[in-house]
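Survey of secondary and tertiary structure
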Number of protein chains: 2
Amino acid sequence: MKLTILGCHSATPRTNTKPTSQVLEIKNHMFLIDCGEGSQVELRRNKIKFSRIKHIFISHLHGDHYFGLVGLISTFHLLRRETELHIYAPKGLKEVITLQLKLSNSWTNYPLVFHELSSDESELIFEDDSVKVYTIPLKHRIYTNGFLFKEKENERKLNINAVLDANINVAYFRKLKQGADVINEDGILIKNELVTQDPVPPKSYAFCSDTLYNEAIVPIIKNATVLYHESTFLEKNESLCVPTKHSTAKQAALIAKKAEVHTLILGHFSTRYMGYEGFKKEAETVFHHVLLAEEGKTFEF
Amino acid sequence: MKLTILGCHSATPRTNTKPTSQVLEIKNHMFLIDCGEGSQVELRRNKIKFSRIKHIFISHLHGDHYFGLVGLISTFHLLRRETELHIYAPKGLKEVITLQLKLSNSWTNYPLVFHELSSDESELIFEDDSVKVYTIPLKHRIYTNGFLFKEKENERKLNINAVLDANINVAYFRKLKQGADVINEDGILIKNELVTQDPVPPKSYAFCSDTLYNEAIVPIIKNATVLYHESTFLEKNESLCVPTKHSTAKQAALIAKKAEVHTLILGHFSTRYMGYEGFKKEAETVFHHVLLAEEGKTFEF
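The rules behind the values
Residues numbered from 1 in each chain as written. Chains lettered and ligands numbered in written order. Predicted model: local features only at pLDDT ≥ 70, side-chain atom pairs only at ≥ 80, totals over all residues. Heavy atoms only, no water. UniProt positions renumbered as here; feature names shortened; annotations may be inferred. Helix = DSSP H or I, 4+ residues; strand = E, 2+ residues; numbered from the N terminus. Contact = heavy atoms within 4.5 Å. Polar contact = N/O pair within 3.5 Å; in protein donor to acceptor, adjacent residues only side chain to side chain. Buried < 20%, exposed > 50% of the residue type's maximum accessible area, 1.4 Å probe, protein only. Pairing = 2+ DSSP bridges. Right-handed = clockwise from strand over helix to strand, strands pointing away. Least-squares fit on C-alpha atoms with pLDDT ≥ 70 in both. Phe/Tyr/Trp six-rings, centres within 6.5 Å; stacked < 30°, edge-to-face > 60°. Lys NZ or Arg CZ within 6 Å of the ring centre and 35° of its normal. Axes fitted to C-alpha atoms, helices over the stretch in contact; angles between N-to-C directions. Salt bridge = Lys/Arg side-chain N within 4 Å of Asp/Glu carboxyl O. Buried area = accessible area lost by both parts, 1.4 Å probe. Nonpolar A, V, L, I, M, F, W, Y, C, P; charged D, E, K, R; others polar. Core = buried A, V, L, I, M, F, W, Y, C linked by side-chain atoms within 4.5 Å.

1. Here we look at the UniProt feature "active site" (unreviewed entry) in chain A
Residue and element names in this part refer to chain A. Following the UniProt record, one finds the feature "active site" (unreviewed entry) at Asp-64. With respect to the helices, strands and loops of the structure, Asp-64 is situated in helix H2 (residues 63-66). Each residue touching Asp-64, except ones within four places of it in the same chain, is listed here: Ser-10, Ala-11, Pro-19, Thr-20, Gly-36 and His-268. A polar contact of 3.0 Å, which involves the side chain of Asp-64, links it to the backbone nitrogen of Ala-11.

2. Considerations on unusual backbone geometry
All names here are of chain A. The omega torsion of the bond from Ser-209 to Asp-210 falls at 0°, within 30 degrees of zero and hence cis. Checked against the element boundaries, Asp-210 lands in the loop between strand S14 (204-208) and helix H8 (218-221). In this structure, Lys-245 takes a positive phi of about 55° despite not being glycine. Take Lys-245: it is sitting in the loop between helix H9 (241-244) and helix H10 (249-258). One non-glycine residue, Glu-260, adopts positive backbone phi at about 50°. Mapped onto the elements of the fold, Glu-260 is located in the loop between H10 and strand S16 (263-267). A relative accessible area of 48% places Glu-260 in the partly exposed class.

3. Some words on the UniProt feature "binding site: Zn(2+) 2" (unreviewed entry) in chain A
Residues and elements named next belong to chain A. If you check UniProt for "binding site: Zn(2+) 2" (unreviewed entry), the listed places come out as Asp-64, His-65, Asp-210 and His-268 in our numbering. These residues run over 205 residues, yet every pair of their C-alpha atoms falls within 10.5 Å of each other. When its relative accessible area of 2% is taken as the criterion, Asp-210 is described as buried. If sequence neighbours within four positions are ignored, Asp-210 has contacts with His-60, His-65, Leu-138, Lys-139, His-140, Thr-144, Glu-230, His-246 and His-268.

4. Topic: the pairing of strand S16 (residues 263-267) of chain B
Residues and elements named next belong to chain B. Summarising burial for S16: 5 of the 5 residues are buried, a large majority. Of the two faces of S16, the one holding Thr-263, Ile-265 and Gly-267 and the one holding Leu-264 and Leu-266 are both buried throughout. Across 5 bridges, the pairing between strand S15 (residues 226-230) and S16 is parallel. Within S16, the residue paired with His-229 across the bridge is Leu-266. With 3 bridges connecting them, S16 and strand S17 (residues 290-292) associate as parallel partners. Within the sheet, the bridge partner assigned to Leu-266 lies in S17 and is Leu-292. The parallel pair S16 and S17 is bridged by helix H11 (residues 277-284), and the resulting crossover is right-handed.

5. Considering the relation of the copies chain B and chain A
Least-squares fitting of chain B to chain A yields an RMSD of 0.1 Å, with the superposition described by an axial translation of 0.1 Å and a rotation of 180°. In symmetry terms, the pair is related by a two-fold rotation axis. By C-alpha distance to the rotation axis, the residue of chain B lying nearest is Gly-38 of chain B, at 3.0 Å. When the interface residues of chain B are mapped onto chain A, 100% of them again lie at the interface, so the same face is used by both copies.

6. Some thoughts on the packing of aromatic side chains
According to the stated counting rule, one finds 34 aromatic pairs over all chains in the structure shown. Centre to centre, the rings of Phe-147 of chain A and Phe-149 of chain A are 6.5 Å apart; their planes meet at 55°, and the pair counts as tilted. Note on Phe-149 of chain A: relative accessible area 0%, which makes it buried. Taken together, Phe-31, Phe-57, Tyr-88, Phe-126, Phe-147, Phe-149 and Tyr-205 of chain A form an aromatic cluster joined through their ring pairs. Across the ring face of Tyr-110 of chain B, the terminal group of Arg-81 of chain B is positioned such that the distance to the ring centre comes to 5.4 Å.

7. Section: the sheet that holds strand S6 (residues 112-117) of chain B
Residue and element names in this part refer to chain B. The strand order S6-S5-S4-S3-S2-S1-S18 describes an open sheet built from 7 strands, whose pairing is mixed. If you trace the sheet from one side to the other, it starts and ends with S6 and strand S18 (298-300), each paired once. Strand-to-strand, the axes of this sheet are offset by a mean angle of 20°, without reference to chain direction. The sheet contact formed by strand S4 (residues 53-57) and strand S5 (residues 85-90) spans 3 bridges and is parallel. From the neighbouring strand, His-55 faces S5, where its bridge partner is His-86. The sheet strands contacting helix H3 (residues 69-78) are strand S3 (29-35), S4, S5 and S6, and the helix crosses S5 at an angle near 170°. Each of S5 and S6 touches helix H4 (residues 93-103); the most contacted strand, S6, lies at about 150° to it.

8. Description of the pattern of salt bridges
Residues and elements named next belong to chain A. Within the structure shown, the criterion is met by 23 salt bridges over all chains. In this structure, Lys-152 engages Glu-127 in a salt bridge whose closest nitrogen and oxygen atoms are separated by 2.8 Å. Here the residue Lys-152 occupies a position in the loop between strand S9 (144-151) and strand S10 (157-158), and Glu-127 occupies one in strand S7 (residues 124-127), the gap between them amounting to 25 residues. Judged by relative accessible area, which is 23%, Lys-152 ranks as partly exposed. Residue Glu-127 is classed as partly exposed on the basis of its relative accessible area, which comes to 40%. When the shortest N-O distance is used, the salt bridge between Arg-174 and Glu-155 registers 2.7 Å. In this pair, Arg-174 sits in helix H6 (residues 173-177) while Glu-155 sits in the loop between S9 and S10, placing the two residues 19 residues apart along the sequence. With a relative accessible area of 33%, Glu-155 lands in the partly exposed category. Linked through salt bridges whose partners overlap, the residues forming this network are Lys-2, Glu-25 and Arg-52.

9. Quick word on the interface of chain B and chain A
Taken together, the contact between chain B and chain A spans 33 residues of the former and 33 residues of the latter. Around 2800 Å² of area is buried between chain B and chain A when both sides are counted, 65% of it from carbon and sulfur atoms. When the buried surface of chain B facing chain A is broken down by residue, Glu-37, Phe-67 and Leu-103 of chain B rank first, second and third, together holding 21% of it. Counting the contacts that link chain B with chain A gives 0 salt bridges. The tally of links between chain B and chain A comes to 10 residue pairs in polar contact (both at pLDDT 80 or more). Secondary-structure elements contributing two or more residues to the side of chain B that touches chain A are helix H1 (39-45), H3 and H4 of chain B. Looking at the side of chain B that touches chain A residue by residue, the classes come out as 12 nonpolar, 14 polar and 7 charged.

10. Some remarks on the nonpolar core
Grouped together as the largest cluster of nonpolar side chains are 64 residues, with contacts concentrated most on Ile-87 and Leu-93 of chain A together with Ile-87 and Leu-93 of chain B. Contact partners of Leu-93 of chain A, with chain neighbours within four places excluded, come to Ile-58, Leu-61, Tyr-66, Leu-69, Ile-87, Phe-114 and Glu-116 of chain A.

11. Side note on the sheet that holds strand S4 (residues 53-57) of chain A
Residue and element names in this part refer to chain A. Across the sheet, 7 strands lie side by side as S6-S5-S4-S3-S2-S1-S18; this open sheet has mixed pairing. Of all the strands in the sheet, the pair left with one neighbour each is strand S6 (112-117) and strand S18 (298-300). Adjacent strand axes in the sheet meet at a mean angle of 20° when their direction is disregarded. Together, strand S3 (29-35), S4, strand S5 (85-90) and S6 form the strand contacts of helix H3 (residues 69-78), whose direction differs from that of S5 by roughly 170°. Sitting on the sheet, helix H4 (residues 93-103) is in contact with S5 and S6, with an inclination near 150° to S6.

This is the structure in structure tokens:
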């Protein structure tokens, strides 16, 4: 599982700070999460192949999370993309994008599929053989979702020497990987655990931005491998959290602790601060494993 | 008159090329012309004060000419702008912007005034004491205007020694600047030309992008001080001009020559080319005074 941060600052793009956008590589997918203005240039800068992006998840319709999307969609069109593009976003986005494509008299030459979200409950919005994606309802000034990306249970690993010794026909290997006991060539029942090993535990990534401190998300993100939680402010500016519906670094850490996640990544920093070590220090008073998002940085888990 | 190029490339923004946007400083105005994705960052990079921009002119609704506008409008809001902002753009833009502001639940706290354009004739769209702005109807794939920015006739300059020698009361200075003859303190008629000098000739700037080669614009831009004309392609790719409705460098130069402008600036280069000296050379086979647009470059006239 690999996470590349394209932008991790709040509000307005500047020469040295970029609005929210990130790419999650999980199993064979490259999921783009949020797409602030300029994200397509950051994708290029980080050498992420446009053609590998097939699913884009938009948390909410504040500009710093989606103003770069229409440009990316247009660029895909100019580059003669043919592959389907799926967009998961709050209701309203489809209208914005289609209006702009209509005005420019250039509908995409590839299928553009909108999955508009409006539920206040966590829901499964994507599933294939290897990954499931759920929404995480957040509390912000407008309708907002985080997203939980979960690998499915991996298959058991064959202990190939034990399998050969047990004289099992290759036709049963698939069943073994799925955990079943099988009959060998001599008609004897072979217990699965004798010839396989436990699978690699599935990983999960929870993206939570933007949101007020909200314990209701804890059961949804419980035990996630990685939690990216917004920390727009430091505790000294906590009074700004309620009116703007954002969180402090400490609040992000409290959520990480309650949810017993493995790693917390802080991001969505207000540009009022110079340097972000203070965010890490503040969060570490509550939670032990804190990382700072940074534009152009890739994390591997 | 000062022109700063924020972006001068066609189609998609890249790490080292920016879509169309430029700032024209003329008299006391800072006019923003087009606003491709990322323009607000380029304004910052070029240290152009946001508060000085009060009028934005959008040529057409292809993304590389306006996808940065909604972000700029939002940033002005976040920075607590109070001054009116006027936007001159093809019909449709108001709907796009208002829809996006509605979805983000954040109308601007400053007055946002749209002047929607739909005429196929050149029309006066802005006028104050010092400047007039006219549309220049262009031929592109969708409804498109260039813009002609014209200084008004400047006032005559007082020859202050002659004025004092002629014993003229200060109350008449304004009339002298306007070209009138006046009566001096001794009751004698003083001919204007004896005590004033010709004014600085008014300057004008014609912005023409995007467009097919179109001689119909020649009378409108006749004798302009500076013509910025798109030159998406070189002559060797001229066959692309008709389907895409763009021009070559040579065609831009032909327009400059026919319109007898003083200076031609080429821009809106396709990113298919490496280096742009070829554009200058090609245009110089037709027209004598050719400059190349370049991101971050400021021209003074």
